[in-house]
Amino acid sequence: PLYMPVPPRQVAEVRDVSGEVFSLQSSGRQPLQGGDKISTGTQFEVAAGSTVRFEYRDKTSVQFGSTTMATKFQLVAERKSQAKFVRLDQGEALADVALQRNLGPMVFQTPQARAIVLGTQFRLIVSPQDTRLDVTEGKVQFVQTATNSNSVVVANQSAVANPTGLVLRELR
């Protein structure tokens, strides 16, 4: 695999929490609060109608949450670099990614696609059927994982990855 699991390391801090947001531990669900330190390997769940915003050391900010469904995700660390990797299983992520100079790209992996980000603003919406990427600033390489088809999605564009392929269109 592209990213191999490594021992947990602190990578971000909780900046804002609204509603029910939990880290999933072997001891059960633990509520998150502003100021909590976030380590790789931990799984998170954000209840429908709730949000949480994480901030990385480089000021990259990612907000997770959806008004209509629970959001489930995990932060993963790449073995050889400090690259950021987020596995988003369902729900929404809204990101403002700082330029990733020597760290390698920030990667968002979903069941249907992979978004490879060097520095931009975008929204990622994941459902069981598809993954939608809306880019508001910058550009993101978007890969549909089943067929490996890919496209660079630029500002004011949207792309949808589903089991049959990848569709690119202007953002509405």
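Residues numbered from 1 in each chain as written. Predicted model: local features only at pLDDT ≥ 70, side-chain atom pairs only at ≥ 80, totals over all residues. Heavy atoms only, no water.

Undergrad: So what's going on with unusual backbone geometry? Which residues, and what values?
TA: With a phi angle near 80 degrees, lysine 59 is a residue other than glycine that sits in the positive phi range. Within the fold, lysine 59 resides in the loop between β6 (51-56) and β7 (61-64). Of note in this structure, asparagine 148 is not a glycine but carries a positive phi near 65 degrees. Owing to a relative accessible area of 49%, asparagine 148 belongs among the partly exposed residues under this scheme. (Helix = DSSP H or I, 4+ residues; strand = E, 2+ residues; numbered from the N terminus. Buried < 20%, exposed > 50% of the residue type's maximum accessible area, 1.4 Å probe, protein only.)

Undergrad: Tell me about the pairing of strand β15 (residues 150-154), residues and numbers included.
TA: Covered by surrounding structure in β15 are Ser151 and Val153 only, the residues Asn150, Val152 and Val154 on the alternate face being uncovered. Bridge count between strand β14 (residues 139-144) and β15: five bridges; the pairing is antiparallel. Looking at the pairing, lysine 139 lines up with valine 154 of β15. Once β14 ends, the chain turns through five residues before running back antiparallel as β15, passing asparagine 148 with a positive phi of about 65 degrees. (Pairing = 2+ DSSP bridges.)

Undergrad: Describe the environment of alanine 155, listing the residues and the values that go with them.
TA: Relative to the helices and strands, alanine 155 is located in the loop between β15 and β16 (157-162). Taking the relative accessible area as the measure of exposure, alanine 155 reaches 30% and is therefore partly exposed. For the pair formed by alanine 155 and leucine 171, sequence separation is 16 residues and the distance between their alpha carbons is 8.4 Å. With residues near it in sequence (within four places) discarded, alanine 155 still touches Val135, Thr136, Glu137 and Gly138. (Contact = heavy atoms within 4.5 Å.)

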